[in-house]
Amino acid sequence: MLALAPGTRTAPGTGANTGRRVFTCSPHLSSQLISEPAFAALHHAGYDAWLDHVWPAAACSRPVRLHGEIKHIDPATGELLRTIPTIGMPDWAIYKPCGNRRATTCPGCAETYRRDAYQLIRAGLVGGKGITPAVATHPAVFATFTAPSFGPVHARSVRLHTCPDRSRCACPAQPCHARRDTATCQHGRPAACFTRHRRDDPRLGQPLCPDCYDYPAHVVWNNQAGELWRRTKQAIERHLNQAVRHRGLPGEVRVTHGKAAEYQARGAVHFHVLLRLDGYDDAEPDELLPPPPGITVADLDEATRWAAGAISFRSPPHPAQPGGWIITWGDQIDVRVITMTGTGTVTDLAVASYLAKYSTKGTEPAGHASARITADTIDLYANPGGTHPERLIDACWRTGQHPGYASLRRWAHMLGFGGHFLTKARRYSVRFRDLRQARITYRRNQDTGPGHGPIRTADHTSEETVLVVGTFSYAGTGWRTTGDALLANTAADQARKRRQAGHDQLADEYNCTTTSRQAA
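The rules behind these values
Along each chain, residue indices are assigned from 1 in the same order as the chain's sequence is written. Only residues with pLDDT of at least 70 are given local features in this predicted model, and only at 80 or more are side-chain atom pairs given and counted; all residues enter the totals for whole chains, interfaces and linings. Derived side-chain values reflect all non-hydrogen atoms in the structure, with water molecules and hydrogen atoms excluded from consideration. Strands are runs of DSSP state E lasting at least two residues, helices are runs of H or I lasting at least four, and both sets are numbered from the N terminus onward. In this analysis, two residues are considered to be in contact whenever any of their non-hydrogen atoms come within 4.5 Å of each other. We get accessible surface area from the Shrake-Rupley algorithm with a probe of 1.4 Å; when it comes to residues, only the shown protein chains can shield them. Only the stretch in contact is used when a helix axis is fitted, and all axes are lines through C-alpha atoms; the angle between N-to-C directions ranges over 0 to 180 degrees. Put simply, angles under 35 degrees are roughly parallel, angles over 145 are roughly antiparallel, angles from 65 to 115 are roughly perpendicular, and the rest are oblique. Two strands pair under a simple rule: DSSP has to find at least two bridges between them. Only residues whose relative accessible area exceeds 30% and that form no salt bridge are eligible for patches; like-charged ones are grouped when within 9 Å, while nonpolar side chains (Val, Leu, Ile, Met, Phe, Trp, Tyr) are grouped when within 5 Å. Salt bridges are identified by distance alone: a Lys or Arg side-chain nitrogen within 4 Å of an Asp or Glu carboxyl oxygen. Under this rule, positive means Lys or Arg and negative means Asp or Glu; His and the chain ends count for nothing. By convention, charge coordinates are those of NZ in Lys, CZ in Arg, CG in Asp, or CD in Glu. Working definition: with a 1.4 Å probe on protein chains only, accessible area under 20% of the residue-type maximum means buried, over 50% means exposed, and in between means partly exposed.

Focus on the overall build of the protein chain
Inference 1: If you tally the helices and strands in the protein chain, you get 12 helices and 11 strands.
Inference 2: Counting only contacts in the protein chain whose residues sit at least 6 apart along the sequence, the fraction spanning at least 24 positions is 69%.
Inference 3: For the protein chain, the computed accessible surface area is about 27,600 Å², with 53% contributed by carbon and sulfur atoms.

The structure is reproduced here in structure tokens:
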């Protein structure tokens, strides 16, 4: 087993991010990690200096390496004080995290994205991060919008859940597609399935008959799902404003949202949406106002269900479907009221965690994961008679031949869906940009390295301000060696565990204090 650090530094186990690498180990690299002199021979800086240098990207699986120089300039005179070339730094480069949001691609960067998404979503529910705490009094619901059926697929249906955690559900399932007869489809395949599928059954999401399944309609629906949501939200808002006018209430209402997209096992996108009811005043369009007193969460629930059943449209004409495909929601629409008091089945914490979790996923539940597909690589992924994902990609490519559907080819690797996985209304909450800038500012006020010691501004009041300008060019992607990846990822994982241990201790102290107060 590779040593986790050179010399006498030891640690138990490997880091959480050392899995799913594109690197390979070799005996040569193993010998490099045995001793400090061997590491120093590979890196012209020592291990401690190297780790401090790469620390901002230590948790990343595929960091971006940058070459260039950093200039220090006097902001008053414009005089160039000094130039620091990257050739004088460890590894002769600066490491920048890749920033990929997919947990299967880069667990470290995906965790950062997930935490940002959690803060963004929850701030829109209870306030904070520049959002007024008064939003906690606004009615809010959590809705799930699903795709319609494009043909029967193997599914796992549970009538009554008795398990505490649905993600690990072991409740007995109903027969997949039970029938009284033994009918077959026009292709001779059985139209029934009496299997009680387990959660890990690979047949889940697969069509009972791939030749009967409407693959063009499936990928076109994925492609148009974003437009369907836009029209649905407009309909919800208009329906509520009609209720305001009908009841003679002052002002108007505005619906803001946070939305996460998720792929089902069959490869169809469905949306988990948080809808918050706000007031609106033409004189103050940017103000976050409470809704009129006569509009309640029951009205928001009713408007959401009405819009889900009422809104539909046809896609542009296509040679294979001259009238276009009908774009509408499926029958499985779920709307639940969100409570801000920490009680109930759907709380602000649960919703924020739920949406943040799905923001780091992609097409993996459907059995496919790839980069953008081109004309040179399409034969590797598409097959009209192949697996379910291969048929979906083939449908994207064939349907996308028509000029009005060209985006299907661009998003063939996403099975037709071209939207963002986490979106929000402009006035719902803060932006990702604001959270990232706050993190950058925080890190600039910290020492480099795993310790993250704070820098006191009072200790540096006598120092002059210096303008720092960096000029960089792309040098490569990934760690230079597998040993570097193991060392950096393990150090970052240990730092995360220390922070998590601190969070757990604070939580225990809070719970003990709360229990003592309740007992008193």
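Still more to cover.
Considerations on the environment of Ile94
Inference 1: Within the secondary structure, Ile94 is located in strand E3 (residues 94-96).
Inference 2: Considered as a pair, Ile94 and Phe472 are 378 residues apart in the sequence and their alpha carbons are 8.9 Å apart.
Inference 3: When neighbours within four sequence positions are excluded, Ile94 is seen to be in contact with His53, Val64, Arg65, Leu66, Ile70, Thr86, Met89 and Phe472.

As for the packing of helix H5 (residues 215-246) against helix H9 (residues 388-399)
Inference 1: Contact pair H5 / H9: the axes reach a minimum separation of 9 Å and the direction vectors enclose 75°. The angle between H5 and H9 falls in the class roughly perpendicular. Where H5 approaches H9, its residues Tyr215, Pro216, His218, Val219 and Val220 are matched on the opposing element by His388, Arg391, Leu392, Ala395, Cys396 and Thr399.

Describing the sheet that holds strand E9 (residues 334-337)
Inference 1: Here 5 strands make up an open sheet; going across it, the order is E9-E4-E6-E5-E10 and the pairing antiparallel. Where the open sheet ends on each side, the last strands, each with one partner, are E9 and strand E10 (422-424). Averaged over all neighbouring strand pairs, the angle between strand axes comes to 15°, with direction disregarded.
Inference 2: Bridge count for strand E4 (residues 140-145) against E9 is 4 bridges, and the pairing is antiparallel. The residue of E9 that forms the bridge with Val141 is Val337.
Inference 3: Here helix H6 (residues 297-310) sits on the sheet in contact with E4, strand E5 (252-263), strand E6 (269-280) and E9, set at roughly 15° to E4.

Description of a negative patch on the surface
Inference 1: There is a patch of like negative charges on the surface, built from Glu252, Asp281, Asp282, Glu284 and Glu287.
Inference 2: Among the structural elements, Glu284 can be located in the loop between E6 and H6.
Inference 3: Classification of Glu284 by relative accessible area gives partly exposed; the value is 38%.

Take it as geometry only, folks, not as evidence of what the structure does.
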